[in-house]
Amino acid sequence: MLQNIRVVLVNTSHPGNIGGAARAMKNMGLNRLVLVDPQEFPSPKADARASGATDVLEAAQVVATLEEALVGCSLVFGTSARDRHIPWPLLDPRETASKCLEQIQAGGEVALVFGREYAGLTNQELQRCHFHVHIPSDPEFGSLNLAAAVQVLVYEARMAWLAAHDQPTKMTKLEAGADVNAQPVTADELEQYFVHLEQTLIEIGFLIPERPRHLMSRLRRLYGRADVTRLEMNILRGILTETQKTVRGEPHKRRENDV
Ligand code: SAH
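Because the structure is a prediction, the values reported are computed rather than measured.

Let's talk about the overall build of the protein
Looking only at helices and strands, the protein has 11 helices and 7 strands in total. For 259 residues, the compact-globule estimate of 2.2 N^0.38 gives 18 Å, and the protein exceeds it by more than 25% at 29 Å. Considered along the principal axes of its C-alpha atoms, the protein spans approximately 90 × 40 × 35 Å. Within the span of the protein, comprising 259 residues, buried residues form 40% of the whole. The contacts of the protein with a sequence gap of at least 6 include a subset with a gap of at least 24, amounting to 80%.

Let's talk about a nonpolar patch on the surface
On the surface, Ile204, Phe206 and Val247 cluster together into a nonpolar patch covering about 270 Å² of accessible area. For Val247, the position within the fold is in helix H11 (residues 230-248). When its relative accessible area of 43% is taken as the criterion, Val247 is described as partly exposed.

Section: the site of the ligand
Residues in close proximity to the ligand total 21 residues, the closest being Thr79, Arg82, Ile135, Gly142 and Leu144. One nitrogen or oxygen atom from the main chain of Ile135 is found 2.8 Å from a nitrogen atom belonging to the ligand. In the environment of the ligand, a nitrogen atom lies 3.3 Å from a nitrogen or oxygen atom belonging to the side chain of Ser137. In the complex, the protein chains occlude 93% of the 550 Å² of accessible area that the ligand would expose alone. Classifying every residue of the shell around the ligand by side-chain character gives 9 nonpolar, 8 polar and 4 charged.

Let's talk about the sheet that holds strand E7 (residues 131-133)
With respect to topology, 7 strands assemble into an open sheet ordered E3-E2-E1-E6-E4-E7-E5, the strand pairing being parallel. Every other strand in the sheet has two partners, leaving strand E3 (61-63) and strand E5 (90-91) as the edge strands with one partner each. Relative to E7, E5 runs parallel, the two sharing 2 bridges. Directly across from Leu91, in E7, lies its bridge partner Val133. Sheet contacts for helix H1 (residues 15-27): strand E1 (5-10) and strand E2 (32-36); angle to E2, the most-contacted strand, approximately 160°.

Quick word on the nonpolar core
In this structure, Ile5, Val7, Leu9, Leu33, Phe77, Phe114 and Val150 are the most contacted members of the largest nonpolar core, which totals 41 residues. Sorting elements by how many residues they give to this core places helix H7 (residues 146-164) first, with 9 residues. When residues no more than four places from it in sequence are discounted, the contact partners of Val150 are Val7, Leu9, Ala21, Ala24, Met25 and Phe114. By size, the runner-up hydrophobic cluster in this structure holds 16 residues, among which are Val8, Val36, Leu66 and Leu121.

Some details on the pattern of salt bridges
Scanning the model with the defined rule gives 11 salt bridges in all. A salt bridge links Arg128 to Glu67; the shortest N-O distance between them is 2.5 Å. Linking Arg128 in the loop between helix H6 (123-126) and E7 with Glu67 in helix H4 (residues 66-69), this pair joins segments that are 61 residues apart in sequence. For Arg128, a relative accessible area of 43% gives the class partly exposed.

What counts and how
- Residues numbered from 1 in each chain as written.
- Predicted model: local features only at pLDDT ≥ 70, side-chain atom pairs only at ≥ 80, totals over all residues.
- Heavy atoms only, no water.
- Helix = DSSP H or I, 4+ residues; strand = E, 2+ residues; numbered from the N terminus.
- Rg over C-alpha atoms; globule rule 2.2 N^0.38 Å.
- Buried < 20%, exposed > 50% of the residue type's maximum accessible area, 1.4 Å probe, protein only.
- Contact = heavy atoms within 4.5 Å.
- Patch = residues over 30% accessible without salt bridge, like charges linked within 9 Å, V, L, I, M, F, W, Y side chains within 5 Å.
- Areas by Shrake-Rupley, 256 points an atom, 1.4 Å probe, with all protein chains shown as cover.
- Salt bridge = Lys/Arg side-chain N within 4 Å of Asp/Glu carboxyl O.
- Near = heavy atom within 4 Å.
- Polar contact = N/O pair within 3.5 Å; in protein donor to acceptor, adjacent residues only side chain to side chain.
- Nonpolar A, V, L, I, M, F, W, Y, C, P; charged D, E, K, R; others polar.
- Pairing = 2+ DSSP bridges.
- Axes fitted to C-alpha atoms, helices over the stretch in contact; angles between N-to-C directions.
- Core = buried A, V, L, I, M, F, W, Y, C linked by side-chain atoms within 4.5 Å.

As far as function goes, none of this settles anything; it's purely spatial.
Structure follows, in structure tokens:
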């Protein structure tokens, strides 16, 4: 459905920006790129900046005029880095994304139109748009790189799309679990750790077996609250092992502190 949002780049001078825009789109799940009279396209510079999004570039439609680029669109947004003093409905990217979503959910097609690196969109081009969009950047330095501006708009479109489809914006537990280091330790691993901890505390003289003072049960309670992961368990075990070597006067293996 995000495919019903097309990104239109008008008269772009730098092919690198076309590649950067294609990448930004693909990252956010969009794939319809329309180029109005690009100055240099196709280009290896565009391919390089697109990284793995060359399919978006290859499928890009090249047209001569903005009118052709907008054929079939029921809603058109023109982005602008500055206030042109044309009284026009002005939106920020988030408002734009929500209007985009409404429109595509109703079966319409939407265009996000971006201007030239050096001159933006002409007033005539801006008047072809139903809404103007301004990214609320610092007025002292308000103009974004073209591909960066595309990124902001398509990101907001994706966020709106995810929200509309009840999709999570964070990695689900299942995906996070795919990282073994992030998995919680099992109860038996924790038990082995307590054995190791107790031994070590005895060796360093902190735990006197004749006077245990509930130390181990207090520590159990502490670790029980901590939701220890595999990675953290490895660190804790490493600390105990090195502590034991120190008290036993054994040599330490050189180890990378890369945890
Ligand atoms: N000197 C031009 C700058 C254009 S930047 C000018 O003043 O208009 C190239 C394109 O990136 C713009 O045409 C617009 O599509 C987009 N862009 C850059 N900064 C933006 C901003 N703050 N808000 C919305 N679009 C922006």
